[in-house]
Amino acid sequence: MVREAKKGDLQGVLELYTQLHGESFSNVGEGLLAVWDKILNDKEHHVIVAEEGGEIVSSCVCVIIPNLTHGQRPYAVIENVVTDEKHRCKGYATACLDYAREIALAEGCYKMMLMTGSKKESTLHFYEQAGYNRVDKTAFVQWLRG
C-alpha cells in the first residue's frame, strides 16, 4: 500500500533514512519531532511511504513549489527516494514515485524534478525508467555549513 505518511510513521521513515545517508537517528528529540510536525502540517510537503506487512519499506518526498512562470503553474521537487535494502527491486520506489506524480498532476504542476547523488548507472537507469531524464537540465548543489 502506498500513502502519505502519518504522525506515527516517523520511526519507519527514519529507519529508511539511515540507509539513505548512513545518518543515525537514535536520539529522537523535541527538535526532530517539531520538524516532523511542521512537515506533516505543510500542505505542499508530501512524505510518501510504501508499506508491506505493516512495515514502511520505501519512501520519497514530493514538495510542491508555487511559481510565477509557466502560467503560474507550480512544479514538484522529489527528494529522499529510498527503499529498504531487503525490499529493493520489487516496485516499491516506483509506486512511491507514481504516487508523487499523481500529487503533482492534481496540483497542476508543469514539471517534476529529481536529483540524485548516486553515480551508479543502475540507479540512473531506474530514474529514467520512472520517466525522468538527465538531458533537459543541469543541476548544481551548494552545501551550506553553519
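Shown above is the structure to which this text applies.
What you see is a predicted model, and the numbers here were worked out from it, not measured in a lab.

K.L.:
Quick question: what am I supposed to make of the nonpolar core here?
P.N.:
Here is a general trend for soluble globular proteins: nonpolar side chains tend to be buried in one another's company. The biggest cluster of nonpolar side chains holds 21 residues, and the ones touching the most others in it are C60, C62, I78, V81 and L97. Taken together, the elements giving at least two residues each to this core come down to β2 (45-52), β3 (55-65), β4 (75-83) and α3 (92-106). Among the elements that take part in this core, α3 stands out by supplying seven residues, more than any other. Once you skip the residues sitting within four places of it in the chain, I78 turns out to touch C60, V61, C62, L97, A100, M112, M113, L114, M115 and Y132.

K.L.:
Just checking my understanding: could you explain a nonpolar patch on the surface for this structure?
P.N.:
On the surface, M115, V141 and W143 cluster together to form a nonpolar patch covering roughly 380 Å² of accessible area. One can find W143 in the segment after α4 (121-129).

K.L.:
Please explain the layout of surface pockets as it appears in this structure.
P.N.:
It is the rolling of a water-molecule-sized probe over the atoms that shows where space remains empty. Approximately 1800 Å³ is the volume attributed to the largest pocket. Here the element with the most residues in the lining of the largest pocket is β4; it accounts for seven residues. Of the residues contributing to the lining of the largest pocket, the split by class is 21 nonpolar, 15 polar and 11 charged. What the second largest pocket holds in volume is close to 380 Å³. With six residues, the top contributor of residues to the lining of the second largest pocket is helix α1 (residues 10-21). The class makeup of the residues in the lining of the second largest pocket is 14 nonpolar, three polar and two charged.

K.L.:
Before we go on, may I ask you to explain the sheet that holds β4 in this structure?
P.N.:
Sheet strands line up and pair through hydrogen bonds in the backbone, either parallel or antiparallel. Spatially, five strands are ordered β1-β2-β3-β4-β5 in an open sheet, and the strand pairing comes out mixed. Strands with a single pairing partner mark the edges of an open sheet, and in this sheet they are β1 (2-4) and β5 (112-114). Strand-to-strand twist in this sheet, taken as the mean axis angle between neighbours without regard to direction, amounts to 25 degrees. Where β3 lies against β4, seven bridges are found, and the strand directions are antiparallel.

K.L.:
For this particular structure, what's the right way to read the pairing of β4?
P.N.:
Along a regular strand, successive side chains alternate from one face of the sheet to the other. With three bridges joining them, β4 and β5 adopt parallel strand pairing. Bridge pairing in β5 places A76 opposite M112.

K.L.:
I tried to follow the packing of aromatic side chains on my own but got confused; where do I start?
P.N.:
Describing an aromatic ring pair means giving the distance of the ring centres and the angle of the ring planes. According to the stated counting rule, one finds two aromatic pairs in the structure shown. An angle of 80 degrees between the planes, with centres 6.5 Å apart, marks the rings of Y75 and Y110 as edge-to-face. One end of the pair, Y75, is in strand β4; the other, Y110, is in the loop between α3 and β5, with 35 residues separating them in the sequence. The positively charged end of K111 is found above the aromatic ring belonging to Y75, 5.5 Å away from the centroid.

K.L.:
Looking at this structure, how should I read the side chain of H87?
P.N.:
Looking at where H87 falls in the secondary structure, it is placed in the loop between β4 and α3. For H87, a relative accessible area of 13% puts it in the buried group. Apart from the residues lying within four places of it in its own chain, the contact partners of H87 are E55, V57 and Y92.

Rules behind the numbers
- Throughout this description, residue numbers start from 1 for each chain and increase along the sequence as written.
- The predicted origin of the model limits local features to residues at a pLDDT of at least 70 and limits the giving and counting of side-chain atom pairs to 80 or more, whereas totals for whole chains, interfaces and linings rest on all residues.
- Side-chain measures here rest on the full set of heavy atoms in the structure, leaving out hydrogens and waters.
- What makes a nonpolar core is a set of buried Ala, Val, Leu, Ile, Met, Phe, Trp, Tyr and Cys residues whose side-chain atoms join them at distances within 4.5 Å.
- Burial classes follow relative accessibility: with a 1.4 Å probe on protein chains only, a residue under 20% of its type's maximum area counts as buried, one over 50% as exposed, and anything between as partly exposed.
- In this description a helix means any DSSP run of H or I spanning at least four residues, a strand means any run of E spanning at least two, and both kinds are numbered starting from the N terminus.
- By definition in these notes, contact holds between two residues if any of their heavy atoms fall within 4.5 Å.
- The patch calculation keeps residues exceeding 30% relative accessible area without a salt bridge and links them within 9 Å when they carry like charges or within 5 Å when they are nonpolar (Val, Leu, Ile, Met, Phe, Trp, Tyr).
- Surface exposure here means Shrake-Rupley accessible area, sampled with a 1.4 Å probe, where a residue is shielded only by the protein chains that are shown.
- Salt bridge, as used here: a side-chain nitrogen of Lys or Arg that lies within 4 Å of a carboxyl oxygen of Asp or Glu.
- Put simply, the grid is 1 Å and covers the protein atoms alone, a cavity is a trapped set of points that fit a 1.4 Å probe, a pocket is an open set with protein on both sides within 12 Å along at least five of seven lines, and lining residues have an atom within 4 Å of a point.
- Grid points are joined across faces, edges and corners, and a volume is the space filled by probe spheres set on the points.
- All residues other than Ala, Val, Leu, Ile, Met, Phe, Trp, Tyr, Cys, Pro, Asp, Glu, Lys and Arg, Gly among them, are scored as polar; the first ten of these are nonpolar and the last four charged.
- When DSSP locates at least two bridges between a pair of strands, those strands are taken to pair.
- To obtain each axis, a line is fitted to C-alpha atoms, and for helices this fit is confined to the stretch in contact; angles are then taken between N-to-C directions over 0 to 180 degrees.
- Centre distance within 6.5 Å is the pairing criterion for rings of Phe, Tyr and Trp, where only the six-membered ring of Trp is used; planes under 30 degrees apart are then read as stacked, over 60 as edge-to-face, and the remainder as tilted.
- Here, a charge over a ring means that NZ of Lys or CZ of Arg falls within 6 Å of the ring centre while also lying within 35 degrees of the ring normal.

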